[in-house]
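# Commentary on secondary and tertiary structure
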Amino acid sequence: MAIKSLGEHLKNFFYEEKKSLLANYPGLTLHRLKSDLKLHAFLNGVDSEELFEFPYLPFRSNPITLFFEKLKEGVPLEYITGYAFFYRSLFKVTSDVLIPRSETEILVELANSEIQKNYHNKKCIVLDVGTGSGVIALTLMMEDFAQLDVTAVDISEKAIILARENFFNLRYTIPAKHNIHFLISDRLESVVGSFDLILSNPPYIKALSDRESVHHQVLSYEPAVALFLEDDTYDLWFQEFFKSIYQKLNDQGISLIEGHEDHLESLSEIAKKIGFSAVEIIKDYTNRNRFLRLKK
Ligand SMILES: C[S@@+](CC[C@H](N)C(=O)[O-])C[C@H]1O[C@@H](n2cnc3c(N)ncnc32)[C@H](O)[C@@H]1O
């Protein structure tokens, strides 16, 4: 058997397995696969410009073999490499946290424009509920518009440990004037103090009625706690959430919450009854209802 280069092996693998790869990784390209394999190799101590010209020997002990095995299983690429790109940075992710989605980058942009508009060169006190890997809180903190005092909470201890690790890894990209502290909390239950801006990308899929629309790879690999709420207590969960947000927002404070396109209309009615002075639904780039903006 002729020994192939890693580049050739990857190309053959991609075209031979294309059908099953695309079922697990919609939109996957050879280019994306190449850059993730490069990252995987780098993180496993193989750092070379000529990586793809190297002969590839598919031994089990070869760390690159693991990449191909996990791909065949359908493990999300971000969980294989252990890293996900979000906005301008690379965040560590594990199967204890959601892989950050591109829609959430819009939430960060909306939050940034609130900060620029209302807190330019001032202090802004921010809460991120359900921080997961910390992408929302930490990406905001990379900007320099205001002095941010951030509290990042999650119900999952493992998520909080990872978010803290991401803060440590990214600390040199964050201006020293900002502060962050991490807390385990069920929504705002253990949170003390009041806030100018409350952000959240909470779990928002109904465990039964929305399940069919969830990709099988998400169901198999991403943590249920980050995705699902029970159907019969869904509205109540958000009603309690919105009430505690209202209580902890400063006057004129804003909350931006990501949500499910099919449920934001009814959630906005719940928010109106709580007493927010303005409730607005904001769409994502695919023109679907995606965020609530609540103003106290
Ligand atoms: C959709 S994920 C968002 C993660 C991250 N903020 C992002 O945008 O990628 C929801 C997060 O909320 C957390 N979570 C679920 N229920 C919660 C609760 N009752 N209180 C606080 N956090 C919760 C999950 O552990 C998960 O990290």
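In this structure, Ile-115, Val-126, Leu-140, Leu-148, Ile-180, Leu-197 and Leu-199 are the most contacted members of the largest nonpolar core, which totals 35 residues. Of all the secondary structure elements, the ones that give two or more residues to this core are helix 6 (102-118), strand 3 (123-129), helix 7 (135-141), strand 4 (147-154), helix 8 (157-170), strand 5 (179-184), strand 6 (195-200) and strand 9 (249-258). In terms of nonpolar packing, the next biggest core, distinct from the first, is built from 31 residues, Tyr-204, Ala-207, Trp-237 and Ile-245 among them.

Glancing now at the site of the ligand. Lining the immediate surroundings of the ligand are 20 residues, of which Gly-130, Asp-154, Asp-186, Arg-187 and Asn-201 lie closest. Between a nitrogen atom of the ligand and a main-chain N or O atom of Ile-155, the distance comes to 3.2 Å. Within the contact set of the ligand, a nitrogen atom lies 2.8 Å away from a side-chain nitrogen or oxygen of Asp-186. Across the complex, the protein chains shield 96% of the 590 Å² of accessible surface that the ligand would expose by itself. Secondary-structure elements contributing two or more residues to the shell around the ligand are helix 7 and helix 10 (224-227). Considering only residue class, the shell around the ligand consists of 10 nonpolar, 7 polar and 3 charged.

Right, let's get into a nonpolar patch on the surface. Taken together, the side chains of Ile-3, Leu-57 and Phe-59 define a hydrophobic patch exposed on the protein surface, amounting to about 310 Å² of accessible area. Within the secondary structure layout, Leu-57 lies in the loop between helix 3 (30-43) and helix 4 (63-73).

Time to look at the pattern of salt bridges. What the rule picks out here adds up to 16 salt bridges. Arg-101 serves as the salt-bridge partner of Glu-222, at 2.8 Å between the closest nitrogen and oxygen. Placement of the pair is Glu-222 in the loop between helix 9 (216-221) and helix 10 and Arg-101 in the loop between strand 2 (89-92) and helix 6, with a sequence separation of 121 residues. For Glu-222, a relative accessible area of 8% corresponds to the buried category. You can call Arg-101 partly exposed: its relative accessible area is 25%. In this structure, Asp-284 engages Arg-290 in a salt bridge whose closest nitrogen and oxygen atoms are separated by 3.0 Å. For Arg-290, a relative accessible area of 6% puts it in the buried group. Taken together, the shared-partner salt bridges in this structure form one network comprising Glu-261, Asp-284, Arg-288 and Arg-290.

Right, let's get into the packing of aromatic side chains. One pass over the structure, following the stated rule, counts 13 aromatic pairs. A ring pair is formed by Phe-238 and Phe-241, whose centres lie 6.4 Å apart and whose planes are at 55°; its orientation type is tilted. Of this pair, Phe-238 and Phe-241 both sit in helix 11 (residues 234-248), 3 residues apart, which is roughly one turn of the helix. Accessibility expressed as a relative area gives 1% for Phe-238, which makes it buried. Relative to Phe-242, the ring of Phe-238 lies with its centre 5.7 Å away and its plane at 50°, an arrangement referred to as tilted. Here the residue Phe-238 and the residue Phe-242 both occupy positions in helix 11, the gap between them amounting to 4 residues, near one helical turn. An identical accessibility class is assigned to Phe-238 and Phe-242; each is buried. Aromatic rings pair up to connect Tyr-234, Trp-237, Phe-238, Phe-241 and Phe-242 into one cluster.

Okay, helix 4 next. All of the buried residues in helix 4 are Ile-64, Thr-65, Phe-67, Phe-68 and Leu-71. Here the buried residues of helix 4 occupy an arc of 155° about the axis, which is enough to place them on one side. If you follow the buried residues of helix 4, they end up packed against helix 1 (6-16), helix 2 (18-24), helix 3 and helix 5 (77-81). Backbone geometry just after helix 4 places Gly-74 at a positive phi near 95°.

Once that is clear, we can look at the pairing of strand 4. Within strand 4, 6 of the 8 residues are buried, leaving the element largely enclosed by the surrounding structure. On the question of chirality, the crossover connecting strand 3 to the parallel strand 4 by way of helix 7 is right-handed. When strand 4 meets strand 5, the two strands line up parallel, connected through 6 bridges. Directly across from Ala-152, in strand 5, lies its bridge partner Phe-182.

Let us look at the domain arrangement of the chain. For the chain, the domain assignment lists domain 1 (6-81) and domain 2 (102-295). Here domain 1 and domain 2 have C-alpha centroids that lie 33 Å from each other. Opposite the 9 residues of domain 1 that make contact, domain 2 presents 6 residues. Carbon and sulfur atoms make up 46% of the area that domain 1 and domain 2 hide from each other, which totals about 580 Å². When the buried area of domain 1 at its contact with domain 2 is split by residue, Asn-24, Pro-76 and Tyr-79 rank highest and sum to 61% of it. There are 5 residue pairs in polar contact (both at pLDDT 80 or more) connecting domain 1 and domain 2. A per-class count over the side of domain 1 that touches domain 2 returns 6 nonpolar, 2 polar and 1 charged.

The rules behind the values
Residue numbering note: each chain is counted from 1, following its sequence as written. Totals for whole chains, interfaces and linings use all residues, but because this is a predicted model, local features are given only for residues with pLDDT of at least 70 and pairs of side-chain atoms are given and counted only at 80 or more. Here the side-chain values reflect all heavy atoms present in the structure, with hydrogen atoms and water set aside. As used here, the term nonpolar core means buried Ala, Val, Leu, Ile, Met, Phe, Trp, Tyr and Cys residues forming a set that is joined through side-chain atoms within 4.5 Å. Note on classification: 1.4 Å probe, protein chains only; a residue is buried when its accessible area is under 20% of the maximum for its type, exposed when over 50%, partly exposed between these limits. The helix count covers DSSP runs of H or I at least four residues long, the strand count covers runs of E at least two residues long, and both are numbered beginning at the N terminus. The criterion for a residue being near a molecule or strand is simple. One of its heavy atoms has to lie within 4 Å of it. Between N or O atoms, a polar contact is any pair within 3.5 Å; within protein, one atom must be a potential hydrogen donor and the other a potential acceptor, and residues adjacent in sequence are included only when both atoms are from side chains. Calculation of accessible area relied on Shrake-Rupley with a 1.4 Å probe; when residues are assessed, cover is drawn exclusively from the protein chains displayed. Note on residue classes: Ala, Val, Leu, Ile, Met, Phe, Trp, Tyr, Cys and Pro are nonpolar, Asp, Glu, Lys and Arg are charged, and everything else, Gly too, is polar. Patch definition: residues above 30% relative accessible area lacking any salt bridge, with like charges linked at up to 9 Å and the nonpolar side chains Val, Leu, Ile, Met, Phe, Trp and Tyr linked at up to 5 Å. The term salt bridge refers to a side-chain nitrogen of Lys or Arg lying within 4 Å of a carboxyl oxygen of Asp or Glu. Note on aromatic pairs: the rings of Phe, Tyr and Trp (six-membered ring only in Trp) are paired at centre separations within 6.5 Å, and the planes decide the class, stacked below 30 degrees, edge-to-face beyond 60, tilted for the rest. Note that the arc is computed from the directions linking the helix axis to the C-beta atoms. Contacts: residue pairs with any heavy atoms within 4.5 Å of one another. Crossovers are described as right-handed under a simple rule: with the strands pointing away from the observer, the path leading from the first strand over the helix to the second runs clockwise. Strand pairing follows a simple DSSP-based rule, namely that at least 2 bridges must link the two strands. These domain limits were set by an automatic method or by a database of domain assignments. The quantity reported as buried area is the accessible area (1.4 Å probe) lost by two parts once they are put together, taken as the sum for both.

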